[in-house]
Amino acid sequence: MALTKKQLADFDTQLTTWRDELEEGQSESIHALHEQEQNAFPDPTDQASMETDRSFDLRIKDRERKLIRKIDQAILRIKEGEFGLCEACGGDISVKRLQARPVTTLCIDCKTEQEQEERTRLD
């Protein structure tokens, strides 16, 4: 079942808003990290704690950066008329799945198969 123009517009709005929020958070985090750099702790334990927190924050920001890229790709798929189509089998991705994860590129069957193959390789 193909998505309606209204559904596509709603997904576009949702994705754009989500991306804008993430980008704003990225900017605020860069400013906060810069301020942290200026704080020197004489106590090694405090310094280690700050560095651990900073490392954690950087990992989160890296994941958000990757998510922003996926959001941009989803918006591009909307514009190109490919949004909601599984890149593996070419079938439709259910609306419920898109609502839960609008950046997805695989239908539930192909994603399940992919995860099973990954688990088999890890075992």
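Reference entry: report on the structure contained in this document. Because the structure is a prediction, the values reported are computed rather than measured. (Residues numbered from 1 in each chain as written. Predicted model: local features only at pLDDT ≥ 70, side-chain atom pairs only at ≥ 80, totals over all residues. Heavy atoms only, no water.)

## Topic: the overall build of the protein
Next, step 1: Helix and strand counts for the protein stand at four helices and zero strands.
Next, step 2: In the protein, the succession of α and β elements from N to C terminus is α-α-α-α.
Next, step 3: Its C-alpha radius of gyration of 20 Å places the protein more than 25% over the 14 Å reference for a compact globule of 123 residues.
Next, step 4: Over its C-alpha atoms, taken along the principal directions, the protein stretches across nearly 60 × 40 × 20 Å.
Next, step 5: Counting only residues that meet the buried cut, the protein has 26% of its 123 residues in that class.
Next, step 6: Sequence-distant contacts in the protein: of pairs separated by 6 or more residues, those separated by 24 or more amount to 58%.
Next, step 7: Carbon and sulfur atoms form 51% of the exposed surface of the protein, whose accessible area is close to 8900 Å². (Helix = DSSP H or I, 4+ residues; strand = E, 2+ residues; numbered from the N terminus. Rg over C-alpha atoms; globule rule 2.2 N^0.38 Å. Buried < 20%, exposed > 50% of the residue type's maximum accessible area, 1.4 Å probe, protein only. Contact = heavy atoms within 4.5 Å. Areas by Shrake-Rupley, 256 points an atom, 1.4 Å probe, with all protein chains shown as cover.)

## Structural notes on the pattern of salt bridges
Next, step 1: Scanning all chains against the criterion turns up six salt bridges.
Next, step 2: Arg19 is paired through a salt bridge with Asp72; the nearest N and O atoms lie 2.9 Å apart. With Arg19 in helix H1 (residues 5-38) and Asp72 in helix H2 (residues 44-80), this residue pair connects regions lying 53 residues apart in the sequence.
Next, step 3: Residue Asp72 is classed as partly exposed on the basis of its relative accessible area, which comes to 33%.
Next, step 4: When the shortest N-O distance is used, the salt bridge between Lys61 and Glu64 registers 2.7 Å. A residue pair is termed a helical-turn pair when its members lie 3 or 4 positions apart in one helix, as Lys61 and Glu64 do in helix H2 at three residues. (Salt bridge = Lys/Arg side-chain N within 4 Å of Asp/Glu carboxyl O.)

## Focus on the packing of aromatic side chains
Next, step 1: Inspection of every chain in the model, using the stated rule, returns one aromatic pair.
Next, step 2: A centroid spacing of 5.2 Å and a plane angle of 50° characterise the contact between Phe11 and Phe83, whose relative ring orientation is tilted. Residue Phe11 is located in helix H1, and its partner Phe83 is located in the loop between H2 and helix H3 (95-100); the two are separated by 72 residues in the primary sequence. Considered together, Phe11 and Phe83 belong to a single accessibility category, that of buried residues. (Phe/Tyr/Trp six-rings, centres within 6.5 Å; stacked < 30°, edge-to-face > 60°.)

## Considering a negative patch on the surface
Next, step 1: A contiguous patch of negative charge on the surface is contributed by Asp109, Glu113, Glu115, Glu117 and Glu118.
Next, step 2: Positionally, Glu117 belongs in helix H4 (residues 108-122).
Next, step 3: The class of Glu117 is partly exposed, set by a relative accessible area of 39%. (Patch = residues over 30% accessible without salt bridge, like charges linked within 9 Å, V, L, I, M, F, W, Y side chains within 5 Å. Lys, Arg positive; Asp, Glu negative; His and termini not counted. Charge placed at Lys NZ, Arg CZ, Asp CG, Glu CD.)

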